[in-house]
Amino acid sequence: MHLEGTGAPTRHVIAWDDPSYTDSAALDAELRRQFDVCHGCRRCFNLCDSFPRLFDLIDASQSGELDTVDSKDFQPVIDACTLCDMCFMTKCPYVPPHAFNIDFPHLMLRYRVMENRHGRPTFAQRQIRKTDRNGALATHLSALANWGTSVANKLGRAVLAAFANIHPRAWLPRYVRARDVLVTRAARESEPVNLLAPAANKRKVVLYATCAGNFNKPEVGLATRAVLARNGVETVVVHPGCCGMPQLEIGDLAAVAASAKKVSAELVAWVDKDYDVVALTPSCALMLKFEWPLIVPKDANVARLAKATHDVAEYIVEIAKAEGLAEGLAPMPEPVALHISCHSRAQNMGAKAADMLRLIPEANISVVDRCSGHGGAWGAEKPNFEVALKVSKPVFRRVLDLKPAHIASECPLAGDHIVQGVQELEPGAGPKTAVHPILLFARAYGIDVGASP
Ligand code: SF4
Ligand code: SF4
């Protein structure tokens, strides 16, 4: 990784509110500068669909170089980027502080900020990305919402396809009932489930529920809470709002900045009371740790929160190293295909979910560390769904080869996308659902928090 860099990789502040950031001539010059380096390098040819589109575009031009490519033909290259960060994190030797100064994902982001200024994201694209508002509404009508969005409901999906541009075959997140929303349930059940005699620990944790953890997969938070309780760690669960990752996808950085200010103000109040922050979804942890400080660099709350935030597995591994874990983990010899999500990797912390699961006796973990291709709401949209399946075919094949008892991913969307891809390749093969690795860890402690619908 970063073989020829001149120092630790770094990223520049995103000057999204500076007019020059979205000036079309300046942006075009920067696209051409970075595209030219990539065309000469080509290391990222198999990471996603953006790079093959770029290389094919240039190779097919009159001169075979960028000088004979029209800038209007760049659009498909930008549209194929899921902002997964894999090129920046795993392949590129030219990221800052290297003089070539290549940050391909943030270049794609800059283009989308420009598009956002010109009103390109549609009304529907903006609405489906309001995940905390949508979650709050859908959980009050969860049976109707889950029925209406099921792929088996041809009429419902035809309506979604027509009005929200969602591909009829894309699996969509399912919602729990309002009474089972994570923050509601955590407030109702003051004691985490199946709490045995806890180990002594002075740590206190505020769990940032995140939209997926709050409205779709509360079992992740319940399992995290129970494992932490088993290790003597006091927890509270809050959901001040969305982290803004869905808005980042469409370049609406003003909305991301507003989310960062609101959520960080609430979470920092817990940091002031000596709580560590654990975010339940990797994309949201990435936002708190790395993206927000680049988008609102002068906000003191955001800066403090970035230092206090942990990923779930990262935090469990930290406890194991610092204090040792509570006794009672039963062996888990059954094979697990563990997908390392892109936004876990982008947190630059190593494969912490694998480290965590390997703390379980006899753990049989095979790591799958390619991109799952879904890209948030991107992979469910009509123009992108087939691309998302194509990009991640090597992931589906590897999972099939492993014949796992469990498919695990820290990313809820990646987990579902992998299960769907496996089923499309070989109907009936493999597990029918994916789990967050913390659920396997909790089960090794004898804790079963159940599953969402
Ligand atoms: S961020 Fe991901 S999708 Fe975008 S160009 Fe890089 S590897 Fe491809
Ligand atoms: S992002 Fe970096 S590693 Fe990937 S093709 Fe471009 S220059 Fe090469």
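None of the values given here were measured: they were computed from a predicted structure. (Residues numbered from 1 in each chain as written. Chains lettered and ligands numbered in written order. Predicted model: local features only at pLDDT ≥ 70, side-chain atom pairs only at ≥ 80, totals over all residues. Heavy atoms only, no water.)

Student: Residue-level account of the site of ligand 2, with values.
Tutor: Lining the immediate surroundings of ligand 2 are Val 37, Cys 38, Cys 41, Arg 42, Arg 43, Cys 44, Phe 51, Lys 91, Cys 92, Pro 93 and Tyr 94. By residue number, the principal contributor to the shell around ligand 2 is helix α1 (residues 24–41), which donates 3 residues. Looking at the shell around ligand 2 residue by residue, the class counts come to 8 nonpolar, no polar and 3 charged. (Near = heavy atom within 4 Å. Helix = DSSP H or I, 4+ residues; strand = E, 2+ residues; numbered from the N terminus. Nonpolar A, V, L, I, M, F, W, Y, C, P; charged D, E, K, R; others polar.)

Student: Describe the packing of aromatic side chains, naming the residues involved and giving the relevant values.
Tutor: For the coordinates displayed, the defined rule picks out 7 aromatic pairs. Seen from their ring centres, Phe 51 and Phe 55 are 6.0 Å apart, and the 35 degrees between their planes marks the pair as tilted. In this pair, Phe 51 and Phe 55 both sit in helix α2 (residues 50–59), 4 residues apart, roughly one turn of the helix. When sorted by exposure, Phe 51 lands in the same class as Phe 55, which is buried. When the ring of Tyr 94 is compared with that of Phe 100, the centres are 4.8 Å apart and the planes differ by 50 degrees; the resulting orientation is tilted. Given a relative accessible area of 13%, Tyr 94 falls into the buried group. With a relative accessible area of 38%, Phe 100 lands in the partly exposed category. (Phe/Tyr/Trp six-rings, centres within 6.5 Å; stacked < 30°, edge-to-face > 60°. Buried < 20%, exposed > 50% of the residue type's maximum accessible area, 1.4 Å probe, protein only.)

Student: Outline the nonpolar core, supporting the account with residue identities and numerical values.
Tutor: One finds Phe 35 and Trp 292 to be the most contacted residues of the largest nonpolar core, which totals 70 residues. In terms of residue count, the dominant contributor to this core is helix α14 (residues 253–271) (9 residues). The next biggest cluster of nonpolar side chains, apart from the first, holds 44 residues, and it includes Leu 207, Leu 222, Val 233 and Leu 357. (Core = buried A, V, L, I, M, F, W, Y, C linked by side-chain atoms within 4.5 Å.)

Student: Could you give an account of the site of ligand 1, naming the residues involved and the relevant values?
Tutor: Every residue close to ligand 1 is listed here: Leu 47, Cys 48, Ser 50, Phe 51, Cys 81, Thr 82, Leu 83, Cys 84, Asp 85, Cys 87, Phe 104 and Pro 105. A breakdown of the residues in the shell around ligand 1 according to their chemical character gives 9 nonpolar, 2 polar and 1 charged.

Student: Can you explain the pairing of strand β1 (residues 204–208)? Please cite residues and give values.
Tutor: With 4 of 5 residues buried, β1 lies mostly within the body of the structure. In this structure, β1 lies alongside strand β2 (residues 234–238), joined through 5 bridges in parallel fashion. Opposite Leu 207, over in β2, you have Val 237 as the bridge partner. In the sheet, β1 pairs with strand β3 (residues 276–279) via 4 bridges, with the strands oriented parallel. (Pairing = 2+ DSSP bridges.)

Student: A description of unusual backbone geometry should follow, citing residues and the corresponding values.
Tutor: Following Pro 96, the chain continues into Pro 97 via a peptide bond in cis, with omega recorded as 15 degrees. Mapped onto the elements of the fold, Pro 97 is located in the loop between α4 (86–91) and α5 (104–117). Within the chain, Lys 403 stands out as a residue other than glycine whose phi angle is a positive 45 degrees. Along the polypeptide, Lys 403 turns up in the loop between α21 (393–402) and β7 (406–409).

Student: Describe a nonpolar patch on the surface, naming the residues involved and giving the relevant values.
Tutor: On the surface, Leu 141, Leu 144 and Trp 147 cluster together into a nonpolar patch covering about 370 Å² of accessible area. Following the sequence through the fold, Leu 141 ends up in the loop between α7 (131–138) and α8 (142–149). (Patch = residues over 30% accessible without salt bridge, like charges linked within 9 Å, V, L, I, M, F, W, Y side chains within 5 Å. Areas by Shrake-Rupley, 256 points an atom, 1.4 Å probe, with all protein chains shown as cover. Salt bridge = Lys/Arg side-chain N within 4 Å of Asp/Glu carboxyl O.)

Student: Help me get a handle on α1, residues and values and all.
Tutor: Here α1 contains 18 residues, and its C-alpha end-to-end distance of 25 Å stays within 8% of the 26 Å for a straight helix at 1.5 Å per residue. Regarding α1, the residues found buried are Leu 27, Glu 30, Leu 31, Gln 34, Phe 35, Val 37, Cys 38 and His 39. Where α1 is buried, its residues contact α2, α3 (75–79) and α5. Looking one or two residues past α1, Arg 42 carries a phi angle of roughly 65 degrees, positive in sign. (Expected span 1.5 Å × (residues − 1). Contact = heavy atoms within 4.5 Å.)

Student: Summarise the domain arrangement of the protein chain; cite the residues concerned and give the values.
Tutor: Annotation of the protein chain at the domain level lists domain 1 (19–117), domain 2 (178–243 + 251–321) and domain 3 (329–444). Relative placement of domain 2 and domain 3: their C-alpha centres are 22 Å apart. Across the interface of domain 2 and domain 3, roughly 1,700 Å² is buried in total on both sides, 77% from carbon and sulfur atoms. If you look at where domain 2 meets domain 3, you find 1 salt bridge. (Domains from an automatic or database assignment. Buried area = accessible area lost by both parts, 1.4 Å probe.)

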